[in-house]
Amino acid sequence: MSHATTMSHDDHHDDHPTGLKRWLFTTNHKEIGTLYLIFSLAAFMIGGAMAMVIRAELFVPGLQLVNPEFFNQMTTMHALVMIFGAVMPAFVGLANWMVPLMIGAPDMALPRMNNWSFWILPFAFFLLLMTLFLPSGGPASGWTLYPPLSLQGGTNIAFVIFAIHLMGISSIMGAINIIVTILNMRAPGMTLLRMPLFVWTWLITGFLLIAVMPVLAGAVTMLLTDRFFGTSFFNAAGGGDPVMYQHIFWFFGHPEVYIMILPAFGVISEILPTFSRKPLFGYTSMVYATASIAFLSFIVWAHHMFTVGMPLGANLFFMYATMVIAVPTGVKVFNWVSTMWRGSMTFETPMLFALGFIVLFTIGGFSGLMLAIVPADFQYHDTYFVVAHFHYVLVTGSVFAIMAGVYYWLPKWTGHMYNERLGKIHFWWSTISVNVLFFPQHYLGLAGMPRRIPDYAVQFAEFNMISSIGGFAFGLAQLLFIYIIWQAARGGERATDQVWDGARGLEWTVPSPAPLHTFDTPPKVDDSVTAHADRLV
Amino acid sequence: MAQGQYYVPHTAKWPIVGSIGLFIMMLGAASWLNGAAFGPWLTLAGSVIVLVMIFGWFADVIRESQQGLYNQAVDISFRQGMIWFIFSEVMFFAAFFGALFYARVLSVPWVGGEGTGAMTNELLYPQFDATWPTAGPANLGGGFETIPAFGLPLLNTLILLTSGLTITLAHWALKKAQRGALIGWMIATVVLGIVFLYLQATEYVHAYQDLGLTLGSGIYGSTFFMLTGFHGLHVTLGTIMLIVITLRCMAGHFSKKQHFGWEAVAWYWHFVDVVWLGLFVFVYVL
Ligand SMILES: [Cu+2]
């Protein structure tokens, strides 16, 4: 490992602990980033195994493998594990690794708290997953935990609520750290409008996290007191309202989906210019579009609740507000396509995943637009159409962006190139199977198959079987992903500092693998090192 | 943005202790709620570990601060971190205020037959008179009376506002490096905080024993006790923070230039103050 860019560093290097202690006590943004990413990969596998149980049960009509109660636990846990365990920690991990490198900071602003944000997570997930082994089993009400159903499920609910509290504490601390790092730790010359888009999207995501995770904490706290302390927040007999839970929950829940997609937008906006060998088109409009999406995310929550019996005026307001989001999102897609226009494009694995993201996320965006139409939603609500929609935005959206980011930055992290051939196989295998998995679910939903159901009428049999085959294939493809990462971590072709010949930005000026400490002395930043240098010309 | 000397600790031993403590505490509390005999003990053990962690962690930070390891950039990080933390607390209270507004303005009138609620009212609760305060159509928890705003709550408002004044006077003293006045005003603030908590406790006893108002008194009791209860919890926390910071003032930890720890506590106290004003208006007066 060369320490070419690190200046004479102080005492840190000498007594850096090794073994388990190194990981338990670390305050280093790169090590903590690695912990987050490995944790996320493990959660992705656990949540994926649950998805396999779901698809196996749905392979043919009738009850085959599991009882309905356990099936419901699987759908609930799959969602909680994937959202809070796989996707969110993956983006926090990417932020930990890349934000300080991208803005020329020596580390995160609050390094001790950074350690704590991560090390709460494994305990929170132990608390969540252990409910599967309680006499009552795990939560089975769906991840949204709507009362009164969620309060009728036995012993697990208290454990689940406390696990969510812990995850919330972790997310809030992580978000505070990232925001403060971005606002306070930028190298001289790294003005706000010179920041890479990944940094911008995380700044806004961090704000969303701090604004809505406490609201989720409030919602589940009300569930807890309703269940154990005799309050009546969600009990109509006492003057409360079960629908009130849905309002509070989705006030968190809708910004939450942008928490999971805005950093993905950032990753894609980093990758496309590199492999198009052109600066990002419309940098400033990207920043404003991100901010607009974040603002709008606070006033659209009830589009998840069109069928609960809200007044017509409310339904209409939330419909129009939701559709307005298509405007800034359209700006983004337009800018991505324009970035590639007349570029000297090459198609390495990160670029393939980025392209897959643009096409497939846009499909998810369009089905979202369909769901935003109130009268149409009356038909689609709680069907497999919804399942298809949010898996297109979450799997081929967020998860594809995470994978794109992993391939893109893996050489910087490990110092080795991954196996490009296997990477391409992983991409095509994933992309084909994920469409076999989720595309038929649109038809199932339009034909009326309800979600969260272990059995179904025989007219849904063919599409379910096709979907399950796609599911197993997609699951298998991810084992290849793990192998590719493991292989690159072990060895392989040496990566250069710049890694990709079209890459711009501070993170490509440090050695590969990035040494433990970088930018102890802040670099000088001007337009020549930023990815969108031509913007000002 | 001088960050050449930005202090990054070698290792952090307290976070993992905190995680284990929180885990034991939560595991204990959840078991307790489900009737496990070991629950309370586990909760207690976890809480002790968390308290030890907080003490140790702050001790480390204070020591490093006294050693002069923190430059201005670190100071700014702490400040921004504290502001965002308070913002997250504001959003936590917002969830409960939101519940109060939703119940009062929308769902209770709907159950009473207003707007889209005509059929609900007719079929389920034809007798229900949707006036606030209410314990709902089933009158859960039985009849109750509310606490009049212009008695103890008004007094408590004046107490908290006064404490906001005394802590500002303390800040002026701190900036003029008058330690005697500083400590005097700090003690006054602490005393006001404790008096507030004492009055709040007597109000709770009064509500439970004389007014029939409990946590189980329908949506009114739920919003009343959860809002004032979480606020009281924050005042308790704030008072403990004030006591600690007063002791640090006595130990001479702060200079007129550098006293972020002191300011963080003051910000927190003002936040608790502002939340109370919201409570006074929306829970007691209206
Ligand atoms: Cu939404």
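Residues numbered from 1 in each chain as written. Chains lettered and ligands numbered in written order. Predicted model: local features only at pLDDT ≥ 70, side-chain atom pairs only at ≥ 80, totals over all residues. Heavy atoms only, no water.

Enquirer: Could you clarify how one ought to interpret the overall build of chain B in this entry?
Expert: The helix and strand inventory of chain B stands at eight helices and zero strands. Ordered by position from the N terminus, the helices and strands of chain B form the series α-α-α-α-α-α-α-α. In terms of overall dimensions, chain B has C-alpha extents of about 70 × 45 × 40 Å along its principal axes. Residue burial in chain B is summarised as follows: out of 286 residues, 49% are buried. When the accessible area of chain B is evaluated, it comes to approximately 13100 Å², of which 71% is carbon and sulfur surface. When the 10 basic and 12 acidic side-chain charges of chain B are each reduced to a single mean position, those positions are 26 Å apart. (Helix = DSSP H or I, 4+ residues; strand = E, 2+ residues; numbered from the N terminus. Buried < 20%, exposed > 50% of the residue type's maximum accessible area, 1.4 Å probe, protein only. Areas by Shrake-Rupley, 256 points an atom, 1.4 Å probe, with all protein chains shown as cover. Lys, Arg positive; Asp, Glu negative; His and termini not counted. Charge placed at Lys NZ, Arg CZ, Asp CG, Glu CD.)

Enquirer: Is there a simple way to explain the overall build of chain A in this structure?
Expert: The helix and strand tally for chain A stands at 16 helices and zero strands. Relative to the compact-globule value of 24 Å for 537 residues, chain A shows a C-alpha radius of gyration of 23 Å, a close match. Considered along the principal axes of its C-alpha atoms, chain A spans approximately 70 × 50 × 45 Å. Taking all 537 residues of chain A together, the buried fraction comes to 65%. Counted over contacts in chain A with a minimum sequence separation of 6, partners at least 24 positions apart contribute 82%. With an accessible surface of roughly 17900 Å², chain A has 71% of that area assigned to carbon and sulfur atoms. Considering chain A, the positive charge centre built from 22 side chains and the negative charge centre built from 26 side chains are found 5 Å apart. (Rg over C-alpha atoms; globule rule 2.2 N^0.38 Å. Contact = heavy atoms within 4.5 Å.)

Enquirer: Would you mind showing me how to read the coordination of the copper ion here?
Expert: A four-donor tetrahedral metal ideally has 109.5 degree angles, and a six-donor octahedral metal ideally has angles of 90 or 180 degrees. Residues and elements named next belong to chain A. Of the protein atoms, only His 254 (ND1), His 303 (NE2) and His 304 (NE2) coordinate the copper ion, at distances of 1.7 to 2.0 Å. As a motif over one chain, the donors of the copper ion read H-x48-H-H. Judged by its relative accessible area of 22%, His 304 is partly exposed. (Donors = N, O, S within 2.8 Å, 3.2 Å for Na, K, Ca; no water.)

Enquirer: What am I meant to see in the pattern of salt bridges here?
Expert: When charged atoms on two side chains of opposite charge get close, those side chains can pair. All names here are of chain A. Scanning the entire structure with this criterion turns up eight salt bridges over all chains. The salt bridge partner of Arg 22 is Glu 31, with a shortest N-O separation of 2.5 Å. Looking at Arg 22, the relative accessible area reads 29%, which means it is partly exposed. Here Lys 424 and Glu 420 are joined by a salt bridge, their closest N and O atoms 3.3 Å apart. You can see Lys 424 and its partner Glu 420 sitting in helix α15 (residues 420-446), four residues apart, about one turn around the helix. The class of Lys 424 is partly exposed, set by a relative accessible area of 31%. With relative accessibility at 22%, the residue Glu 420 sits in the partly exposed group. (Salt bridge = Lys/Arg side-chain N within 4 Å of Asp/Glu carboxyl O.)

Enquirer: For this particular structure, what's the right way to read the domain arrangement of chain B?
Expert: When the parts of a complex come together, some accessible area is lost, and that lost area is often taken as the interface size. Residues and elements named next belong to chain B. Taken domain by domain, chain B consists of domain 1 (1-70) and domain 2 (72-285). With seven residues of domain 1 in contact, the opposing surface of domain 2 contributes eight residues. Taken together, both faces of the contact between domain 1 and domain 2 bury some 730 Å²; the carbon and sulfur share is 62%. Among the residues of domain 1 in contact with domain 2, Tyr 6, Ile 62 and Tyr 70 are the three that bury the most area, contributing 66% of the side total. Here domain 1 is connected to domain 2 by zero salt bridges. Here domain 1 is connected to domain 2 by two residue pairs in polar contact (both at pLDDT 80 or more). Here the residues of the side of domain 1 that touches domain 2 are counted per class, giving six nonpolar, one polar and no charged. (Domains from an automatic or database assignment. Buried area = accessible area lost by both parts, 1.4 Å probe. Polar contact = N/O pair within 3.5 Å; in protein donor to acceptor, adjacent residues only side chain to side chain. Nonpolar A, V, L, I, M, F, W, Y, C, P; charged D, E, K, R; others polar.)

Enquirer: Could you clarify how one ought to interpret the packing of aromatic side chains in this entry?
Expert: Both the distance between ring centres and the angle between the ring planes are used here to describe each pair of aromatic rings. Under the definition given, this model contains 77 aromatic pairs over all chains. With 6.2 Å between their ring centres and 65° between their planes, Phe 93 of chain B and Phe 271 of chain B make a pair best called edge-to-face. With Phe 93 of chain B in helix α3 (residues 72-111) and Phe 271 of chain B in helix α8 (residues 260-285), this residue pair connects regions lying 178 residues apart in the sequence. Accessibility assignment for this pair places Phe 93 of chain B and Phe 271 of chain B in one class, buried. The lysine or arginine in question, Arg 227 of chain A, covers the ring of Phe 228 of chain A, its NZ or CZ lying 4.6 Å from the ring centre. (Phe/Tyr/Trp six-rings, centres within 6.5 Å; stacked < 30°, edge-to-face > 60°. Lys NZ or Arg CZ within 6 Å of the ring centre and 35° of its normal.)

Enquirer: I would appreciate a short explanation of the packing of helix α6 (residues 179-211) of chain B against helix α7 (residues 218-250) of chain B in the present structure.
Expert: For any two helices packed against each other, the geometry is given by the interaxial angle and the distance between the axes. All names here are of chain B. Orientation of α6 relative to α7, taken along the N-to-C sense of each, is 155°, at an axis distance of 10 Å. Considering their axes alone, α6 and α7 lie roughly antiparallel with respect to each other. With respect to the hand of their crossing, α6 and α7 are arranged in left-handed fashion. For the contact of α6 with α7, a count of residues per class yields 19 nonpolar, 10 polar and two charged. (Axes fitted to C-alpha atoms, helices over the stretch in contact; angles between N-to-C directions. Parallel < 35°, antiparallel > 145°, perpendicular 65-115°, else oblique. Left-handed = near helix turned anticlockwise from the far one by under 90°.)

Enquirer: Would you mind showing me how to read α8 of chain B here?
Expert: An α-helix turns once every 3.6 residues. As a result, residues three or four positions apart point the same way. For α8 of chain B, with 26 residues, the first-to-last C-alpha span of 36 Å sits near the 38 Å given by 1.5 Å per residue. A maximum bend of about 30° is found in α8 of chain B at Leu 279 of chain B. (Expected span 1.5 Å × (residues − 1). Bend = angle between axes of the 7 residues up to and from the residue.)

Enquirer: Before we go on, may I ask you to explain the interface of chain A and chain B in this structure?
Expert: Listed by partner, the interface residues are 72 residues for chain A and 66 residues for chain B. Of all residues in chain A, the largest losses of buried area upon contact with chain B belong to Arg 112, Trp 116 and Asn 184 of chain A, amounting jointly to 13% of the total for that side. Between Arg 112 of chain A and Glu 64 of chain B there is a salt bridge; the shortest N-O distance is 2.4 Å. In this structure, the connection of chain A to chain B is made through 15 residue pairs in polar contact (both at pLDDT 80 or more). For the side of chain A that touches chain B, the secondary-structure elements that each account for two or more residues are α1 (19-25), α4 (111-129), α5 (156-184), α6 (197-228) and α7 (242-259) of chain A. No other element matches α6 of chain A, which puts 12 residues into the side of chain A that touches chain B. Taken together, the residues of the side of chain A that touches chain B break down into 46 nonpolar, 19 polar and seven charged.

Enquirer: I'm lost on the environment of Ile 159 of chain B in this one. Help?
Expert: Residues and elements named next belong to chain B. Along the polypeptide, Ile 159 turns up in helix α5 (residues 152-175). A relative accessible area of 9% places Ile 159 in the buried class. Linking Ile 159 and Ile 183, residues 24 residues apart in sequence, is a C-alpha distance of 19 Å. Apart from the residues lying within four places of it in its own chain, the contact partners of Ile 159 are Leu 192, Val 195, Phe 196 and Leu 199.

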